[in-house]
Amino acid sequence: MASKPGILTEWPWTWLGNFKYVVLAPFVADSIHSFFMSEDESTRDFVHFIIFPFLLVRMLHNQIWISLSRYRTAKGDNRIVDKSIEFDQVDRERNWDDQIILNGLLFYYGYMKLEQSHHLPICRTDGIILTTLLHIGPVEFLYYWLHRALHHHFLYSRYHSHHHSSIVTEPITSVIHPFAEHIAYFLLFAIPLLTTVLTRTASIVSFSGYITYIDFMNNLGHCNFEIIPKWMFSSFPLLKYLMYTPSYHSLHHTQFRTNYSLFMPMYDYIYDTLDKSSDTLYQKSLERQGKSPDVVHLTHLTTPESVYHLRLGFASFASEPYSSKWYFWLMWPVTLWSMMVTWIYGQTFTVERNLFKNLNLQTWAIPKYRVQYFMQRQRETINNLIEEAIMEADQKGIKVLSLGLLNQDKQLNNNGELYIRKHPQIKVKVVDGSSLAVAVVLNSIPKGTTQVVLIGHLSKVANVIALALCQGGVKVMTLREEEYKKLKASLTPEAATNLVPAKTYASKIWLVGDGLSEDEQLKAPKGTLFIPFSQFPPRKARKDCFYFHTPAMITPKHFENVDSCENWLPRRVMSAWRIAGILHALEDWHEHECGNMMLDIEKVWKTSLDHGFTPITMASASKSKA
């Protein structure tokens, strides 16, 4: 929002929320009906019919830029500005599609009012030339002076400051403006469109080509990495007056009083508002190499819909904890396409880049879904991908690689021990994070607890939790006979005296892992606290009980560049397995943590607190779920 919002700041359909697209429904329905159902050939106009598909193509075009930009900035090459993007920017920019809805309404209205816009030809050369000349002349010229006017303190505080709230820009930053400002921009861009329509030189190519050009240049200029190669300006020297670069426009967002031009810098040259450091920043950005990370967290996809929640996917989805949405089924063609891409690509990819104190962090993802980890025929492929990631990390001099989700499964690789045995010479430390996961669960149990129920598929974490509780005098009850036998075999005789088969369900503290059924949850008394010890949360079957997050902690403020959630965890909450890798690097611990290896649980817990990580209490968990 602008610092002093003026009139017509809000979009008219803001109150509709996610149902804002209904404002287009009558026009879309009319165009489809007139094209397919009309008996009069003269009313079947392809121009009318393709308006809505063209809007969808524009949205896809923008989304491609968003994903490309986030992938490139995660890699770090050719980066322009080093500052971080945070959740407030994502929230501010989540309505980037409003301008496409506005354009759609105006296109439909223009079609209805202007008979000359009906039955346009596919292509007319004179219309393309006229559109080009009108953009270079009136549009660029008028935009330059409008832009300078918007930087006057009166208009800036009421409108344009909203756009400039984003110092570090993303492609979608280009269209984040108040409603009134978008009206002004549309009137400018309508000059070539209306002129060609009224002179009957318009065509489908000139219309769609011009709007696509505007979208392309808008997205290009707001990337936070340099993408235009030097040879283009060397081969065509005049191009520097006709085409800006991301670094050129980035200076406008950091300096504010320079580089006002739309897409063609010539008016900045003419009116002496060119930033003198434009060429220098362009050169530096092109040459800049991404910093090699100190710590890598290796995760994987979960459900087919989880691709939308990746930072590389939909920014607004990624900024919220993962949950299944009813409208995802409408997107099944995109979901299927993304699954095919991951299947074909078949390589680990960079998802996110963060900064913690002096440590550079990256998150890498294996293009496999949770279900594939349970397929025997997929295990060799997955192990090879994990091994390749570890070896790549070792070659790059990365200090620590932490294994997230099922990448540390005991059945798959014995909590990562498989790779250490195969490559004993590697310097990168492989961390499964079990010690901190145990510490988080133990410290989530309310003080004074005398008995707990432990249920779910047993794991390294579950065994250590049971041992610690039994040694501390807490009775650990099990509901399943096979779990009781396995746990008893792993405990010392003294500790095993506190392990008992459950005869009643009176305990209100349940430690749960994968495989917990709804029927078993229903046996818990009202008000039970479910504390997961596994990487995946249980499916909630009770509304009268409280469910903790999977082992995780709240990150400190100096954890930077955080604009997405880690799977189902709330904002700025990080899984214990991921935190463990950071602690390993901060403390420069020299041993691996994998296989049956466990670190000192109390020491790991205290270290996490010393570095600013905060335990999740019932109060903070309730607040995050509200």
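Residues numbered from 1 in each chain as written. Predicted model: local features only at pLDDT ≥ 70, side-chain atom pairs only at ≥ 80, totals over all residues. Heavy atoms only, no water.

Chemist: So, the overall build of the protein chain: which residues are in play, and what are the values?
Modeler: For the protein chain, the helix and strand inventory stands at 27 helices and 15 strands. Taking the principal axes of its C-alpha atoms as reference, the protein chain extends roughly 95 × 60 × 50 Å. Within the span of the protein chain, comprising 626 residues, buried residues form 55% of the whole. Put simply, 71% of the contacts in the protein chain that link residues at least 6 apart link residues at least 24 apart. Surface summary for the protein chain: the accessible area is close to 28,600 Å², and the carbon and sulfur share equals 62%. Positive and negative side-chain charges of the protein chain, numbering 61 and 57 respectively, have mean locations separated by a distance of 5 Å. (Helix = DSSP H or I, 4+ residues; strand = E, 2+ residues; numbered from the N terminus. Buried < 20%, exposed > 50% of the residue type's maximum accessible area, 1.4 Å probe, protein only. Contact = heavy atoms within 4.5 Å. Areas by Shrake-Rupley, 256 points an atom, 1.4 Å probe, with all protein chains shown as cover. Lys, Arg positive; Asp, Glu negative; His and termini not counted. Charge placed at Lys NZ, Arg CZ, Asp CG, Glu CD.)

Chemist: Provide a residue-level description of the packing of helix H3 (residues 51–75) against helix H5 (residues 98–113), including the pertinent values.
Modeler: It is the contact of H3 with H5, at a shortest axis distance of 10 Å, that shows an interaxial angle of 155 degrees. In terms of their interaxial angle, H3 and H5 are classed as roughly antiparallel. Pair H3 / H5 crosses with right-handed handedness. On H5, the residues touching Ile51, Phe52, Leu55, Arg58, Met59 and Asn62 of H3 are Gln99, Ile100, Asn103, Gly104, Phe107, Tyr108 and Tyr111. Counted by class, the contact of H3 with H5 contains eight nonpolar, four polar and one charged residues. (Axes fitted to C-alpha atoms, helices over the stretch in contact; angles between N-to-C directions. Parallel < 35°, antiparallel > 145°, perpendicular 65-115°, else oblique. Left-handed = near helix turned anticlockwise from the far one by under 90°. Nonpolar A, V, L, I, M, F, W, Y, C, P; charged D, E, K, R; others polar.)

Chemist: Describe the packing of helix H1 (residues 25–36) against H5, with residues and values.
Modeler: Where H1 contacts H5, the two axes come as close as 10 Å, and the packing angle between them is 50 degrees. Comparing their axes, H5 and H1 come out oblique. The element H1 and its partner H5 pack so that their crossing is left-handed. Touching Phe27, Val28 and Ser31 of H1 are Leu105, Tyr108 and Met112, all from H5. Looking at side-chain class alone, the contact of H1 with H5 contains five nonpolar, one polar and no charged residues.

Chemist: Account for the pairing of strand E4 (residues 400–403), naming residues and giving values.
Modeler: Here E4 shows no split at all, with Val400 and Ser402 on one side and Leu401 and Leu403 on the other all buried. Both strand E1 (residues 295–300) and E4 contribute to a ladder of four bridges, which runs parallel. Its bridge partner lying in E4, Leu298 is registered against Leu403. Here E4 pairs with strand E5 (residues 429–431) via three bridges, running parallel. From the neighbouring strand, Leu401 faces E5, where its bridge partner is Val430. (Pairing = 2+ DSSP bridges.)

Chemist: Tell me about a nonpolar patch on the surface, and please be specific about residues and values.
Modeler: On the surface, Phe19, Val22, Trp326, Trp329 and Leu330 cluster together to form a nonpolar patch covering roughly 620 Å² of accessible area. In this structure, Leu330 sits in the loop between helix H15 (315–318) and helix H16 (332–345). Judged by its relative accessible area of 48%, Leu330 falls in the partly exposed class. (Patch = residues over 30% accessible without salt bridge, like charges linked within 9 Å, V, L, I, M, F, W, Y side chains within 5 Å. Salt bridge = Lys/Arg side-chain N within 4 Å of Asp/Glu carboxyl O.)

Chemist: Residue-level account of the layout of surface pockets, with values.
Modeler: Its volume calculated, the second largest pocket comes out at about 830 Å³. Every residue lining the second largest pocket is counted, 26 residues in all, and those nearest its centre are Phe536, Pro537, Pro538, Arg539 and Trp568. Among the residues making up the lining of the second largest pocket, the classes are represented as 11 nonpolar, nine polar and six charged. (1 Å grid on protein atoms, 1.4 Å probe; cavity = no way out; pocket = protein on both sides within 12 Å on 5 of 7 lines; lining within 4 Å. Points joined across faces, edges and corners; volume = space filled by probe spheres on them.)

Chemist: Tell me about the packing of aromatic side chains, and name the residues and values.
Modeler: Within this structure, the stated rule accounts for 29 aromatic pairs. Their ring planes at 70 degrees and their centres at 4.9 Å tell us that Trp145 and Tyr271 sit as a pair that is edge-to-face. Of the two residues, Trp145 is situated in helix H6 (residues 125–150) and Tyr271 in the loop between helix H13 (266–270) and helix H14 (278–287); the sequence distance between them amounts to 126 residues. When its relative accessible area of 32% is taken as the criterion, Tyr271 is described as partly exposed. With a centroid separation of 5.5 Å and 40 degrees between ring planes, the pair formed by Tyr308 and Phe314 is classed as tilted. Taking the relative accessible area as the measure of exposure, Tyr308 reaches 3% and is therefore buried. (Phe/Tyr/Trp six-rings, centres within 6.5 Å; stacked < 30°, edge-to-face > 60°.)

Chemist: Give a detailed account of the environment of Asn358, specifying residues and quantitative values.
Modeler: Here Asn358 shows up in the loop between strand E2 (349–356) and strand E3 (359–366). Sequence-wise, Asn358 and Phe87 are 271 residues apart; in three dimensions their C-alpha atoms are separated by 21 Å.

Chemist: Describe the UniProt feature "domain: Fatty acid hydroxylase" (unreviewed entry) in the protein chain, naming the residues involved and giving the relevant values.
Modeler: Here the UniProt feature "domain: Fatty acid hydroxylase" (unreviewed entry) sits at residues 134–273. For residues 134–273, the helix share is 61%, the strand share is 0%, and the end-to-end C-alpha distance is 23 Å. (UniProt positions renumbered as here; feature names shortened; annotations may be inferred.)

Chemist: Can you tell me about unusual backbone geometry, naming the residues and giving the values?
Modeler: A positive phi angle, close to 65 degrees, is found at Asn561, a residue other than glycine. The topology assignment puts Asn561 in the loop between strand E13 (559–560) and strand E14 (573–575). In this structure, Asp588 is a non-glycine residue whose phi angle is positive, near 55 degrees.

Chemist: Go over the sheet that holds strand E15 (residues 614–615), please, and point to the residues and values.
Modeler: Taken together, the three strands give an open sheet; going across it, the order is E14-E12-E15, and neighbouring strands pair in antiparallel fashion. Of all strands in the sheet, those bounded by a partner on one side alone are E14 and E15. Looking at chain direction, strand E12 (residues 552–554) and E14 are connected through three bridges and run antiparallel. Its bridge partner lying in E14, Ile554 is registered against Val573.

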